[in-house]
Amino acid sequence: MIGVIDYGAGNTRSVTNALTNLGNAFVLSRDIETLDSCDKILFPGVGAAGAAMASLEQNNLDNWIRNCTKPFLGICLGFQLLFENSCENDTECLGIIPGSVVKFRPTKITPHMGWNFVEAAGAFEMHNDYFYFAHDYFVDVNEHSCATCIYDDESFSAVVRKDNFWAAQFHPEKSGKAGQDFLSLFLGHE
Amino acid sequence: MLTKRIIPCLDIKNGRVVKGIQFQNHRDMGEPAALARYYSDEGADELVFYDITASPEARDIDFTWVSRVAKEISIPFSIAGGIRTVEMAKQAFDTGADKISVNTPAQEDPSLIDALARAFGSQAVVVGIDLKGNDLYSNTGAPSKTQRSDRTPLSWVDEVVSRGAGELVINSMAMDGMKNGYDLDTLNRVSCAVNVPIIASGGAGECEHFRELFEKTNVSAALAASAFHSKAIAIPKLKAYLKNFNIPVRIST
């Protein structure tokens, strides 16, 4: 059973549709006992970092996520919230992965919106392909980056991994076949 | 490299996809989810659904077809037409839409843009802007109610971006359905004025029109309807053509 964290921050429907299409049973929940009973966790999110962190705290999910030992995948805002802090609303985030979420320079067209090429780094086994992005904030390439992307001249983290935590800045659930393959890679991982 | 997006636009009337010329004389083109699947398989980067009857008739959107589309495809899509409140937008997102696009209701109450951006994030809020000559129009879905605005196009573009629009669809009404190419002058003026992504709309009829658009303007995406629906342009062929001219497009590996 896949637990999809439902904390009132954005579009869970496309994530659950993607899981259904891949033949996975899921439960959409913010209840800790329910999430505890799941094998793997998906943490989607769109919207603003400040409101999302407030909602996690309100539901006592912040500490639950910090202590989670199940295979865990953060998506988009769910990716950003795993880091230490975000300059969006000057928000203290979950601090699971070292690093800060910063804003694209104002000279760029923002949001970084659309399909961009993602390249795996090191031994990470994902296929290099185009994925769908929609974000104003990003995380620099760091020691936990296992796939990267370039917007104009700026390289940033597309996928990070630390212990059981995976996170993607792009939307695998909106990235067609490439996205399905990425989700399958995560879901097939123990 | 961020690719230029190719976006088929599906006009919806009574839950069916239709196409007219300059917003009139609509012909039935098929079922939304089936056409969404077709275009997704063809390599469309995103889809836009315009409920063209919704705004002028003050009707709500029927969200049943939205949820069918969301189950059918795994590329982003937006819904336009008739979204007048944060509550209605929430329904669109809850059924699986990735973005909503507002036009006439935003002109009537610009604070709607602020409220939508606060609730769902700028990346989910598109503002549609219908232009003809140097004028901005509202209610373009119903010819009898179409009105010229007192606002100038560039002041409106500035205002919607400062209120939190994350993307603009710039539709050239005079070009719509005419297949003579995009309105490059207008698109250049708008895309130089703001730094959000611009989706060009109105006028595509040949592959060359897309090349011209991406070579001569800084827009992020090209929207077209009849050129795709009539099968005058096939998306795989269009993307191969653009790639030949070194325009970055997504051709999946």
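Quick look at the structure, then.

About the criteria used
- Residues numbered from 1 in each chain as written.
- Chains lettered and ligands numbered in written order.
- Predicted model: local features only at pLDDT ≥ 70, side-chain atom pairs only at ≥ 80, totals over all residues.
- Heavy atoms only, no water.
- Helix = DSSP H or I, 4+ residues; strand = E, 2+ residues; numbered from the N terminus.
- Rg over C-alpha atoms; globule rule 2.2 N^0.38 Å.
- Buried < 20%, exposed > 50% of the residue type's maximum accessible area, 1.4 Å probe, protein only.
- Contact = heavy atoms within 4.5 Å.
- Arc of directions from axis to C-beta.
- Pairing = 2+ DSSP bridges.
- Axes fitted to C-alpha atoms, helices over the stretch in contact; angles between N-to-C directions.
- Salt bridge = Lys/Arg side-chain N within 4 Å of Asp/Glu carboxyl O.

A count of helices and strands for chain A gives six helices and 13 strands. Relative to the compact-globule value of 16 Å for 190 residues, chain A shows a C-alpha radius of gyration of 15 Å, a close match. Across its three principal directions, the C-alpha atoms of chain A cover 45 × 35 × 30 Å. When each of the 190 residues of chain A is scored for burial, the buried share is 59%. Counting contacts in chain A only where the partners sit at least 6 residues apart, residues at least 24 apart contribute 64% of the total.

Residue and element names in this part refer to chain B. Here helix α7 (residues 153-162) has its buried residues at Pro153, Trp156, Val157, Val160 and Val161. For α7, the angular spread of the buried residues around the axis is 130 degrees, confining them to a single face. Summarising the contacts, the buried residues of α7 are in contact with α5 (104-108), α6 (111-120), β7 (125-132), β8 (135-138), β10 (167-172) and α8 (184-193). A positive backbone phi angle near 120 degrees is found at Gly164, which sits one or two residues after α7.

Residues and elements named next belong to chain A. Within the open sheet, the nine strands sit side by side as β2-β1-β3-β4-β13-β12-β11-β8-β9. Their pairing is mixed. Edge strands, defined here as strands with exactly one partner in the open sheet, are β2 (26-29) and β9 (129-135). Across the sheet, the axes of successive neighbouring strands diverge by a mean angle of 25 degrees, strand direction being ignored. Against the sheet, helix α6 (residues 176-187) contacts β1 (2-5), β3 (40-43), β4 (72-75), β8 (112-120), β9, β12 (154-162) and β13 (165-168), and its axis sits at roughly 90 degrees relative to β9.

We now examine the pattern of salt bridges. All names here are of chain B. For the structure on display, the rule yields 24 salt bridges over all chains. The closest approach of N and O atoms between Glu167 and Arg5, which form a salt bridge, is 2.7 Å. Placement of Glu167 in strand β10 and of Arg5 in strand β1 (residues 5-13) is noted, with a sequence separation of 162 residues between them. Residue classification places Arg5 among the buried positions, given a relative accessible area of 0%.

The next subject is unusual backbone geometry. Across the chain, the bulk of peptide bonds are trans and the bulk of non-glycine residues have phi less than zero. A cis amide bond, omega 0 degrees, links A:Thr110 with the succeeding residue A:Pro111. Position of A:Pro111 among the secondary structure elements: in the loop between β7 (97-103) and β8. Backbone geometry at B:Asn14 places phi at a positive 50 degrees, although glycine is not the residue there. The topology assignment puts B:Asn14 in the loop between β1 and β2 (16-21). Assessed through its relative accessible area of 61%, B:Asn14 is described here as exposed. One non-glycine residue, B:Lys179, lies in positive phi territory at about 60 degrees. Here B:Lys179 shows up in the loop between β10 and α8.

To continue, consider the environment of A:Leu185. Residues and elements named next belong to chain A. In this structure, Leu185 sits in helix α6. Judged by relative accessible area, Leu185 falls into the partly exposed class, the value being 21%. Separated by 60 residues in sequence, Leu185 and Glu125 have C-alpha atoms that sit 8.2 Å apart. Once residues lying within four places of it in the same chain are set aside, the contact partners of Leu185 are Phe124, Glu125, Met126 and Trp166.

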